[in-house]
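The chain contents come next:
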Amino acid sequence: MRGNAVAHELIAPGSLDAVLELLALAPGEWTPIAGGTELMVAHASGRLGAEKLVSLWGIPDLRFIETRPDRIVIGAGTTFRDLRAHQTLAAELQLLAQAASWIGSVANQSRATLGGNLVNGSPAADSSPALLVYDAEIEMISTRGKRSVAYSEFHTGYKSNVMAGDELLFAIHVPRRFAHHRQYLRKVGTRRAMAIAKVALGATALVDGGVVSEIRLAAASLAPFPARLYQAEAAMLGRNASPETIETARRALLAEARPIDDIRSTAEYRRRVGANLLEEFLNSLNDGDEE
Amino acid sequence: MSACVNIRFNVNGESRAIDAPPMKRLLDVLREDLRLIGTKEGCGEGECGSCSVRMNGELVNSCLVPALQADGATIETVEGLARNGELHPLQRAFLACGGAQCGICTPGMLMAAAHLLKHNPHPGMAEIREGLAGNLCRCTGFIRIFESVVAAAASEQAADAR
C-alpha cells in the first residue's frame, strides 16, 4: 500500500439528490467512487489524484434494471453481477451479458459498475463494444436536469467524455430491437479471467437475402477510446459477405484503427487480430439464413 | 486531510465499531484495527484474490473496499468459517487434499470457494474454475485446490454448508 488513506476525503451522502447537490456546489471538485475497482487500485499504488471523493455505493436510485417495451434501462450503479443475474437482459442482450462475465472475477463483478466502466473510459473497457453495437444511449443527471447522448458520442478522447463537472452518469438505455440481428463479441486477452483485453470486437448486423442491410462494428483497444468502426461498416453496407467485400472491409478496418503499443500488446498485433476478428464475424454471416 | 469516522459493522456475527479514515482499506481495517490477520494482502490491486471476504453476501476484494463503504455491512472473513471449534468442510477438504501449501492464497481461496458453494452446492469443474478465477496460487498449480472444492462439495456436510 503506497497510498495514504488520510490524504483523501471520502463522504457518503447516501442519496442521489444529496450527491447532485454536492456536485452542483463545486463542479469538478468531487470525484465519484462507486465499487472502487478502478480508483482503489490507483489509491493502493499512490496514483490517486483525487483528494475529495463522494461515494455512490449503495444508492438505490442508481442501481436498477428496468425493462420497457422498446429498451432495457440500466442504472449506472448496476454491478456486472446484477447484469449477469438479470434473466431478460441475459437473454436479449447476450453480448452485454457475455462482456459482464469477462470482467475481472466474481469479486470484481460484485463491485464494478456499468457506469464506472464507461466513465472510467478505458480504451479496453469490456462493456463498451457491446453497448456500441447495440446503439446504446447514455443518460446523465445533474441538479439542472437530465440529458442524453448516443453512446457513440460519449467518449471524446483518451479517458475523456462529454460529462460536465456537476453531472453523474445516470443510466444506460439499450434498445431491444437487435433480437433478429446477427451478434458477435470476442475478446482476445492473455487469459479468460482477470486479463484486460489486448483487443476486442463487437458486431451486430441484419442480413436480408444475403445482403447486409444494417451493420454496427465496434472495437476495444483499436483507438484511444472504445469506438465504432464506421469505415469497415460502410464497406459492408448494402453488400453480401463475399470474399472480395470482406477483404475491402478488412482493409477499411486496418486504415481506421489507431491502436498503440503498450504493456499488454503491440499496435501491429492489435491491428491484425482486429481484422481477423472482423473476418471471422463477416464469414459467419454466410452460415445459415434462419434469422 | 481526512479525519477518522466511526464505522460500525458486523464481522463474523459480532457487532464491531472502529474509528478509521474513510479511505482506509477494509483489508487494513480487518488486519490492523480488528486483528483479524487471516485475510491476506497479495497484490493489493484486486488481481490475486488473497484478501477475499464476503460483504453483505457478495464476494469482494477487501483491498478495494474503502472502510466507509463497509459501514453498516455484514462482513464474513476466513476466521468465521470454523464454528465451535469445528473446521468448515472446505477447510477439512483443503487439509485432506493438499489444497494449501505456503498458505498465503488459502484464506481467499476458502472464501471464494465458500461463496461458490453457497450459491451452487454441487459445482462442476468449469464452475469451480470460474468461481476461483480471481484467486491466484503460486504453489499448488490449482489442481489440488479444485479437487479440495470437489471433495468439500461431495462431503455430507457441504449439503448444509453455511
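Conventions used here
Residues numbered from 1 in each chain as written. Chains lettered and ligands numbered in written order. Predicted model: local features only at pLDDT ≥ 70, side-chain atom pairs only at ≥ 80, totals over all residues. Pairing = 2+ DSSP bridges. Helix = DSSP H or I, 4+ residues; strand = E, 2+ residues; numbered from the N terminus. Buried ≥ 20, exposed ≤ 12 C-beta atoms within 10 Å, placed from the backbone. Contact = placed C-beta atoms within 7 Å. Axes fitted to C-alpha atoms, helices over the stretch in contact; angles between N-to-C directions. Parallel < 35°, antiparallel > 145°, perpendicular 65-115°, else oblique. Left-handed = near helix turned anticlockwise from the far one by under 90°. Nonpolar A, V, L, I, M, F, W, Y, C, P; charged D, E, K, R; others polar. Domains from an automatic or database assignment.

> Residues and numbers for the pairing of strand 3 (residues 52–55) of chain A, please.
As a general feature of sheets, a regular strand has side chains that alternate between the two faces. Residues and elements named next belong to chain A. Across 3 bridges, the pairing between strand 1 (residues 9–11) and strand 3 is parallel. Paired with Ile-11 across the two strands is Val-54, which belongs to strand 3. With 3 bridges connecting them, strand 2 (residues 31–33) and strand 3 associate as parallel partners. When the bridges of strand 3 are listed, Ile-33 appears paired with Ser-55.

> Now, about the pairing of strand 13 (residues 211–220) of chain A: what can you tell me, with residues and values included?
Residue and element names in this part refer to chain A. Counting buried residues along strand 13, 7 of its 10 residues qualify, which places the element largely inside the surrounding structure. With 9 bridges connecting them, strand 12 (residues 199–208) and strand 13 associate as antiparallel partners. Following the sheet pairing, Thr-204 is matched in strand 13 by Arg-216. Two successive antiparallel strands, strand 12 and strand 13, enclose a turn made up of 2 residues, where Gly-209 displays a positive phi of approximately 55°. Connecting the antiparallel pair strand 13 and strand 14 (residues 227–228) is a turn made up of 6 residues, with Ser-221 showing a positive phi of about 65°.

> Give me the sheet that holds strand 12 of chain A: which residues, what numbers.
The strands making up a sheet associate through hydrogen bonds between their backbones, and the pairing can be parallel or antiparallel. Residue and element names in this part refer to chain A. What the 4 strands build is an open sheet, ordered 11-12-13-14; its pairing is antiparallel. Where the open sheet ends on each side, the last strands, each with one partner, are strand 11 (182–188) and strand 14. With respect to the sheet, helix 5 (residues 94–102) is in contact with strand 11 and strand 12, its orientation differing from that of strand 11 by roughly 15°. Docked against the sheet, helix 11 (residues 267–284) engages strand 11, strand 12 and strand 13, running at close to 25° with respect to strand 12.

> Go over the packing of helix 2 (residues 89–97) of chain B against helix 3 (residues 106–119) of chain B with me, naming the residues and quoting the values.
The axes of two packed helices give the description: the angle between them and the distance between them. All names here are of chain B. Helix 3 packs onto helix 2 with a crossing angle of 130° between their chain directions and a minimal axis gap of 10 Å. As far as their axial angle goes, helix 3 and helix 2 are oblique. For the element pair helix 2 and helix 3, the recorded crossing hand is right-handed. Of the residues in helix 3, those in contact with Leu-90, Gln-91 and Phe-94 of helix 2 are Thr-106, Leu-110, Ala-113 and Ala-114.

> Mind laying out the interface of chain A and chain B, listing which residues take part and the relevant values?
Taken residue by residue, the interface counts 26 residues in chain A and 27 residues in chain B. Every element with two or more residues in the side of chain A that touches chain B is listed here: strand 1, helix 2 (39–44) and helix 6 (106–109) of chain A. The leading source of residues in the side of chain A that touches chain B is helix 2 of chain A, at 4 residues. Among the residues making up the side of chain A that touches chain B, the classes are represented as 14 nonpolar, 10 polar and 2 charged.

> How would you explain the domain arrangement of chain B if you had to name every residue and give the values?
All names here are of chain B. For chain B, the assigned domains are domain 1 (5–80) and domain 2 (89–160). Measuring from the centre of the C-alpha atoms in domain 1 to the corresponding centre in domain 2 gives 21 Å. In this assembly, 13 residues from domain 1 lie in contact with 11 residues from domain 2. The element that contributes the greatest number of residues to the side of domain 1 that touches domain 2 is strand 3 (residues 52–55), accounting for 3 residues.

> Summarise unusual backbone geometry; cite the residues concerned and give the values.
Excluding glycine, most residues fall at negative phi; most peptide bonds, likewise, are trans. We note that A:Asp135 has phi near 60°; this positive angle belongs to a residue other than glycine. In this structure, A:Asp135 sits in the loop between helix 8 (128–133) and strand 6 (137–142). Accessibility expressed as a C-beta count within 10 Å gives 18 for A:Asp135, which makes it partly exposed. For B:Asn12, which is not glycine, the phi dihedral falls at a positive 50°. In this fold, B:Asn12 is placed in the loop between strand 1 (5–11) and strand 2 (14–20).

> Explain the packing of helix 2 of chain B against helix 5 (residues 143–154) of chain B residue by residue, including any values.
Residue and element names in this part refer to chain B. At a closest axis distance of 8 Å, the pairing of helix 2 and helix 5 adopts a crossing angle of 135°. Comparing their axes, helix 5 and helix 2 come out oblique. Here helix 2 and helix 5 pass one another in a crossing that is right-handed. Between helix 2 and helix 5, the residues in contact are Pro-89, Leu-90, Ala-93, Phe-94, Ala-96 and Cys-97 and Arg-144, Glu-147, Ser-148, Ala-151 and Ala-152, respectively. Grouping the amino acids of the contact of helix 2 with helix 5 by side-chain chemistry returns 8 nonpolar, 1 polar and 2 charged.

> Requested: an account of the sheet that holds strand 10 (residues 168–175) of chain A, with residues and values cited.
Residue and element names in this part refer to chain A. If you trace the 5 strands from one edge of the open sheet to the other, you get 4-5-10-6-7, paired in antiparallel fashion. Looking at strand neighbours, the two that pair on one side only are strand 4 (65–67) and strand 7 (145–150), the edges of this open sheet. Pairwise comparison of adjacent strand axes, ignoring direction, gives a mean angle of 20° for this sheet. Here 5 bridges tie strand 5 (residues 71–75) to strand 10, and the two strands are oriented antiparallel to one another. Looking across to strand 10, one finds that Arg-71 is bridged to Pro-175.

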